[in-house]
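Spelled out, the chains give:
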Amino acid sequence: SRQCFERSCGLSLTHLNLQLSSPLPHTAFTSSSVFSNGYAPGYAKLNRRGGAGGWSPLDSDHYQWLQVDLGSRKQVSAIATQGRYSSSDWTTRYRLLYSDTGRNWKPYHQDGNIWAFSGNSNSESSVRHELQQGIMARFLRLVPLDWSEEGRIGLRVEVYGCSYWAGVINFDGQGVISYRFKVKKMKIIKDVIALRFKTSESDGVILHGEGQQGDYITLELRMAKLLLQINLGSNQYGSILGHTSVTTGSLLDDNHWHAVVIERYRRNVNFSLDSHTQHFRTNGEFDHLDLDYELSFGGMPYSGKPVGGGRKNFKGCMESINYNGDNITDLARRKKLDTSSFRNLSFSCVETHTFPVFFNATSFLQLPGRANHDTISVSFQFRTWNPDGLLLFSNLDDGTLEISLEDSKAAVHINVTMGTRNNRVDLSSGSGLNDGQWHAIRLVAKENFAMLTIDGEEASAVRSTLPLTITTGGTYHLGGKSHAENIAPDLQLSLLLVTYLHSQLENVCTRVPKALCETYIRCMPNHCEHGGRCKQTWDSFSCTCDGTGYTGATCHTSIYEPSCEAYKHLGRSSDTYWIDPDSSGPLGPFKVNCNMTDDKVWTTVMNNLPPKIAVTGSSRERRTVLQVNYSTSMEQVTAITTSAEYCEQQIAYSCRMSRLLNTPDGTPYTWWVGRGSEKHFYWGGSGPGIQKCACGIDRNCTDPKYDCNCDADSKQWYVKDSGPLTYKEHLPVSQVAVGDTNRPGSEAKLTVGPLRCQGDNNYWNAASFTTPSSYLHFATFHGETSADISFYFKTSAPYGVFLENLGNTDFIRLELKSPKVISFSFDVGNGPVELTVHSAAPLNDDQWHRVSAERNVKESVLQLDQTQRASRLAPAQGHTRLELFSQLYVGAAGGQRGFLGCIRALRMNGITLDLEERAKVTPGVKPGCQGHCTSFGMYCRNGGKCVERYNGYLCDCSTTAYDGPFCTRDVGGFFEAGTLVKYNFMPQAVAGASRDSKTLTRQQAPHEVNLTKEEVAFSFSTSNAPAILMYVSSKTQDYLAVVLRVSTFNHRRLPRHKKTLDHYPAVSYTLPDESDTQFSLVKTLFLGKVFETGHIDPDLIKRYNTPGFIGCLSRVQFNGVAPLKTALRAAARNQGKLVESNCGSSPLTIPPMSAATDPWHLDNTDAELPINEERVIPDGVNRDSAIIGGIIAVVLFTILCTLVFLIRYMFRHKGTYHTNEAKGGREQAGESADTAIIGTDNQKTIDESKKEWFI
């Protein structure tokens, strides 16, 4: 705005400082009242001592004002005030209003609020304020808000600026200015359109241009909002739709000047209204705006597009109209443009004879009326956001009249007393009249007739012919009535009234405490972010965030986690999730597939390219370009690859007489395009700068003369070049250009797999602060109107500052104030604000805790570990912008108590700060942080041990009977007749083992031979009995056996035990006291069948060992070992005698959460990404794929039904069995195994791929 001032004032800063009020005569100064003659407003000139030394009103209250008439419109750049000379009278705070007419006032706005200027602290010093937003006005009005406690209101003033002139055109709603182009057709790549307008009409076309090819640009008022519609071109098939529509502003029919600037370069558009700018790109693929003949201002030509029917021409004033460097106003004045449609073209703004007046909940206007008439005729316009309130009240001679809003409808109540009878007429019409738009009410009432009409529409008219006699009273109350008589709630509204009531209305405006005669637009600018919808009342605004993926008072905070890595460490399992990599940033949330493996987290983004898509008819001169589109935008995919530790994308080229890359020095036939639209000439398995395929790197191509298999130009189809692209800065693949399939017999098939990325560097980006004085510094944080900060911390210190950024008086700070208190403090100019949350447990427990803080124009919020939360509403008026200038300090700064501990994943307004990189060059700070298991170890279940990693943790499941990222996935095996597992506890030669067995030997500690306690757990599923489930032998006569009889379990040789089965009650049994307390010299554990040469129970073997256990065993745990899991993992490298299976069980989910309360849950019906890992089905259905898929589906369904029948018949019992035996001695346990042997009496081989499901 400063540059704008300089251009308008002749490029001279001196002109900006011209004193505008000092040269004025005394009559140019007026006021609400005067204390006495010597205190007249004419003496209120800066540094003057005339009269009593300045202006003072009769009463020092909030209804006073001082007004200056500058004589003509001026451009005002600054204002200065003083108190009354040599007195105790001065003004400490005031507001500034401005107007062109002296009736329709507009308050000065700054930082999105009606601004309150700080005034004086004594009578002599001058306080000057530069206006951030320049104003053009003839009249200025200062409204004191606070004043000297020692005296009264006192004021002297000076206004600084320069003369202002702009060509004005008055549009009467009929005329249109036509700007003819120099050539018949214009192909425009760049546009700059600027103008200023004011109007009291809510609808009207401001400018319009169109072309015969369908291009157009239209700027219009619609429902008092500014609507820009632009189309750079659409095609006849409908595949390219160029129509783009953008709306800005609200209540622009306030008869004040509004500035509009439209800047377009190709598809990029800046759309500005009153210094608030929206940036957007037009739809479609075209860059030029093709217009024919002309551009019209003030309306549309008769053949206007799109659908011009019913559109009104603009009625009001425009000034400073410029189109691509041409001054339209000046050309019209010099009659260089067609203005023939105007009846009477005027180059001055014709002011309206009506103007709005604001009423608050306590104000009203009492006007005299014509008494003793038999007819009432009332009409007025109003606008409001309140659904209820009184609009008009009058005491009739023998009754009352009320017009009010009731539930957003207009209601009329007439009560008349006729003798002893009380007649009542009630009328109601309209709906939604509290939408902030102007609505007209007309009421006519006379003898036995009443009619109410809304907005002049005949369809809205309601009538009554009930008995009625009218005799009017002498007064009318507008906007309410005296509280002594009040029977309905008052209303905050604007009424549009005629000028001859000016003296009464002036009194209304001045008697509204601290309020202004202006409707305040609280949704302009729109502080609702990420597509949130703004809705306002008179006092405030609210944001509706439904369907945006964000939450909070301004829809600023994302409801989703930033990555799959974050979901895993919330205990989530593999699934499809919404993620938001930049949290509160501009990127929206999107769906990805998350695969949580044992030690990695993979994020998969699908594309629409079918696998092995055939390519024919391409050459070097005319390549076939295959577009690879993803399930998300390229910006969203880039956010994933940027933060990932590693990314890969498989690419394969199958060929027959189709060359791929040629020689390293030759021109490639085929290339691919990655991120940044850059061509790449290397293939999967190779790297940047190397024009080779994977076989060229490994030197095993079919023809050693070439570096790709396909470059040998073979006639065979088996030739293929494939491999992963792993340079993540180039990923993902967006296009593949194929250039050698046009020769006879030449053909190629291309496959581009999904993008797969592993890890999230942002989530684990951490720094360790080792001294109280250590800190990291970053660039100044910019969060003027909306700021969010989130991070994890862990410490053993009782206090410390996490981060701080300072301004002149503004600041923002987050700190640990005590072991149980987190503090978030800031100042945006309204005084310091502090929010605190209190934890029930100490926070210096060396475990990770999450802190998130947000400040916006509506509220401030502090949250700890997503449980404790504190919030505070922002003041309704005052400063809203956070203005900082110092560096951002993380850790100790400015003498604050430094932080000792770790901070990670620090995000500020969606941007992750690279703590590790800065810590590498900063003394007292180390990159990374150890000790993740203290916070995340609880997710390792079933005895899994948490293992520290540099960038996270890992669950070690090696000593458990489970697998998976959190040790929750069952490990089981399917046993056929004769299959057994033999697990040796003692280091010895294994006698009698099957010749197919493999022996693993490891030294055992002597104390592991004798056991005083056995803990056994397993699950099984079978339909065969009897059978041996588990048998533990020894070198003595001691043994432990778990057998399955025909209908019950049996335990043999257990001196004292307790057993549980499924949900049945536990059973305990205790042997006599003289029994042995040790399981001596434990030797071997058998599962499924016993094959032992030592001492065994012959009766047990005879009854239960043949044919052995047939079915599924899982979760087998004996003390600290998992014999079945050990055997399966060892046998995986040998022939398959035992088939691994989960035995139909489902893995444990951590933590369980219902879909109703889970914001991340995706139902299968809602998932936009298919489960198929190979590709995303495109919009167009591949017919061959559909037929093949249908056949496969039928076959699979038939097989599945057969399996269901067989499995239900075979396996009808599944149970979980636990024992816990104590023998009174010192507890010992066998922690590991020497040998795992899998043997079988049945020589039939079980296929390794065999699985078992339970339905």
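Since the model is a prediction, treat every value here as computed from it, not as a measurement.

K.L.:
Just checking my understanding: could you explain the state of the cysteines for this structure?
P.N.:
Joining two cysteines, a disulfide is a covalent bond between their sulfur atoms. As enumerated under the stated definition, the model contains 11 disulfides in all. Disulfide pairing places C564 opposite C594 at an S-S distance of 1.9 Å. Note on the C564 and C594 pair: the S-S dihedral is about -70°, so by sign convention the disulfide is left-handed. Of this pair, C564 sits in helix α5 (residues 564–568) while C594 sits in strand β41 (residues 590–596), and the two are 30 residues apart along the sequence. Residue C564 shares its accessibility class with C594, and that shared class is buried. Note on cysteine connectivity: C957 is disulfide-linked to C967, with sulfurs 2.0 Å apart. The sign of the S-S torsion, about -90°, decides the handedness of the disulfide formed by C957 and C967: left-handed. On the criterion of sequence distance, the pair formed by C957 in the loop between β66 (952–956) and β67 (962–963) and C967 in the loop between β67 and β68 (969–970) is long-range, its members being 10 residues apart. Neither C957 nor C967 differs from the other in exposure class; each is buried.

K.L.:
Help me understand the pattern of salt bridges in this model?
P.N.:
Two side chains of opposite charge can pair, provided their charged atoms sit close to one another. The tally for this structure, following the rule as stated, stands at 32 salt bridges. The shortest N-O distance in the salt bridge between E319 and R73 comes to 2.8 Å. Here E319, found in strand β22 (residues 315–323), pairs with R73, found in strand β3 (residues 66–82); they are 246 residues apart in sequence, far enough to count as distant. Residue classification places E319 among the buried positions, given a relative accessible area of 0%. Between R266 and D287 there is a salt bridge whose closest N-O contact spans 3.2 Å. Highlighted residues: R266 in the loop between β18 (258–265) and β19 (268–273) and D287 in the loop between β20 (276–281) and β21 (289–297), separated in sequence by 21 residues.

K.L.:
Where do I start with the pairing of strand β30 (residues 421–429) in this structure?
P.N.:
Where a strand is regular, its side chains alternate between the two sheet faces. Relative to β30, strand β29 (residues 409–418) runs antiparallel, the two being bridged by nine bridges. The residue of β30 that forms the bridge with M418 is R421. Counted between consecutive antiparallel strands, the loop separating β29 from β30 contains two residues, among which G419 sits at a positive phi close to 70°.

K.L.:
Which parts of the structure should I look at to understand the environment of H276?
P.N.:
Counting through the fold element by element, H276 comes out in strand β20. Through-space distance from the C-alpha of H276 to that of V260 is 9.5 Å; in sequence the pair is 16 residues apart. Not counting the four nearest positions on each side in its chain, H276 is found in contact with F271, M524 and P525.

K.L.:
Help me understand the packing of aromatic side chains in this model?
P.N.:
Where two aromatic rings form a pair, the distance of their centres and the angle of their planes describe that pair. Within this structure, the stated rule accounts for 27 aromatic pairs. Taking 6.0 Å as the distance between ring centres and 85° as the angle between the ring planes, the aromatic pair formed by Y179 and F181 counts as edge-to-face. Under the relative-accessibility criterion, Y179 is labelled buried at 11%. Centroid distance Y763 to Y792: 5.9 Å. Interplanar angle 70°. Geometry classified as edge-to-face. Residue Y763 is found in helix α8 (residues 761–764), and its partner Y792 is found in strand β53 (residues 786–794); the two are separated by 29 residues along the sequence. Each member of the pair, Y763 as well as Y792, is classed as buried. An aromatic cluster is built from F769, F791, F793, F802 and F899, whose rings are joined through pairwise contacts. Note that R128 overlies the ring of Y160, its terminal NZ or CZ placed 4.1 Å from the centroid. Between the NZ or CZ atom of R918 and the centre of the ring of F778, over which it lies, the distance is 4.7 Å.

K.L.:
Would you explain the sheet that holds strand β57 (residues 833–838) in this entry?
P.N.:
By definition, the strands of a sheet pair up through backbone hydrogen bonds, in either a parallel or an antiparallel sense. If you trace the six strands from one edge of the open sheet to the other, you get β52-β61-β54-β55-β56-β57, paired in antiparallel fashion. A strand with exactly one partner marks an edge of an open sheet, and here the two such strands are β52 (775–778) and β57. Each adjacent strand pair in this sheet contributes to an overall mean axis angle of 15°, direction not counted. Bridge count for strand β56 (residues 821–827) against β57 is six bridges, and the pairing is antiparallel. Paired with F824 across the strands is L835, a residue of β57.

K.L.:
Before we go on, may I ask you to explain the sheet that holds strand β49 (residues 735–738) in this structure?
P.N.:
Reading across the sheet, the four strands line up as β44-β49-β46-β47 and stay open at both edges, with antiparallel pairing between neighbours. For this open sheet the edge positions go to β44 (624–627) and β47 (679–680), each flanked by a neighbour on one side alone. Of the pairings in the sheet, the one linking β44 to β49 comprises four bridges and is antiparallel in character. The residue bridging V625 from the neighbouring strand is A737, located in β49.

K.L.:
Teacher, can you tell me more about the side chain of S734 here?
P.N.:
For S734, the location among the structural elements is in the loop between β48 (720–725) and β49. Its relative accessible area of 11% is what places S734 among the buried residues. Leaving out residues up to four positions away in the same chain, S734 has contacts with L626, Q627, V628, M634, V673 and G674.

K.L.:
Explanation requested: the nonpolar core in the structure shown.
P.N.:
Most often, soluble globular proteins have nonpolar side chains that are buried together. Of all hydrophobic cores here, the largest spans 45 residues; its most connected members are F197 and L226. Beyond its immediate sequence surroundings of up to four residues, F197 is in contact with I206, L221, L226, L252, H256, W257, H258, V260, F314, C317 and M318. Among the nonpolar cores identified, the runner-up in size contains 44 residues, and I579, V615, W683 and V736 belong to it.

K.L.:
Sorry if this is basic, but what is going on with unusual backbone geometry here?
P.N.:
Outside of glycine, negative phi angles account for most residues, and trans bonds account for most peptide bonds. Geometrically, the link from L731 to P732 is a cis peptide bond, its omega value of 10° lying close to zero. Looking at the secondary structure, you find P732 in the loop between β48 and β49. Within the chain, D455 stands out as a residue other than glycine whose phi angle is a positive 55°. Secondary-structure assignment places D455 in the loop between β32 (449–454) and β33 (462–464). Of note in this structure, N909 is not a glycine but carries a positive phi near 50°.

K.L.:
Before we go on, may I ask you to explain the environment of T375 in this structure?
P.N.:
Inspection of the secondary structure assignment puts T375 in the loop between β25 (365–368) and β26 (376–383). Overall, T375 belongs to the partly exposed group, its relative accessible area being 34%. On a C-alpha basis, the gap between T375 and A450 in space is 9.8 Å, while along the polypeptide they are 75 residues apart. Contact partners of T375, with chain neighbours within four places excluded, come to A445, K446, I470 and T472. A distance of 3.2 Å separates polar atoms of two side chains, one belonging to T375 and the other to D374.

Criteria and cut-off values
Residues numbered from 1 in each chain as written. Predicted model: local features only at pLDDT ≥ 70, side-chain atom pairs only at ≥ 80, totals over all residues. Heavy atoms only, no water. Disulfide = S-S within 2.5 Å. Helix = DSSP H or I, 4+ residues; strand = E, 2+ residues; numbered from the N terminus. Buried < 20%, exposed > 50% of the residue type's maximum accessible area, 1.4 Å probe, protein only. Salt bridge = Lys/Arg side-chain N within 4 Å of Asp/Glu carboxyl O. Pairing = 2+ DSSP bridges. Contact = heavy atoms within 4.5 Å. Phe/Tyr/Trp six-rings, centres within 6.5 Å; stacked < 30°, edge-to-face > 60°. Lys NZ or Arg CZ within 6 Å of the ring centre and 35° of its normal. Axes fitted to C-alpha atoms, helices over the stretch in contact; angles between N-to-C directions. Core = buried A, V, L, I, M, F, W, Y, C linked by side-chain atoms within 4.5 Å. Polar contact = N/O pair within 3.5 Å; in protein donor to acceptor, adjacent residues only side chain to side chain.

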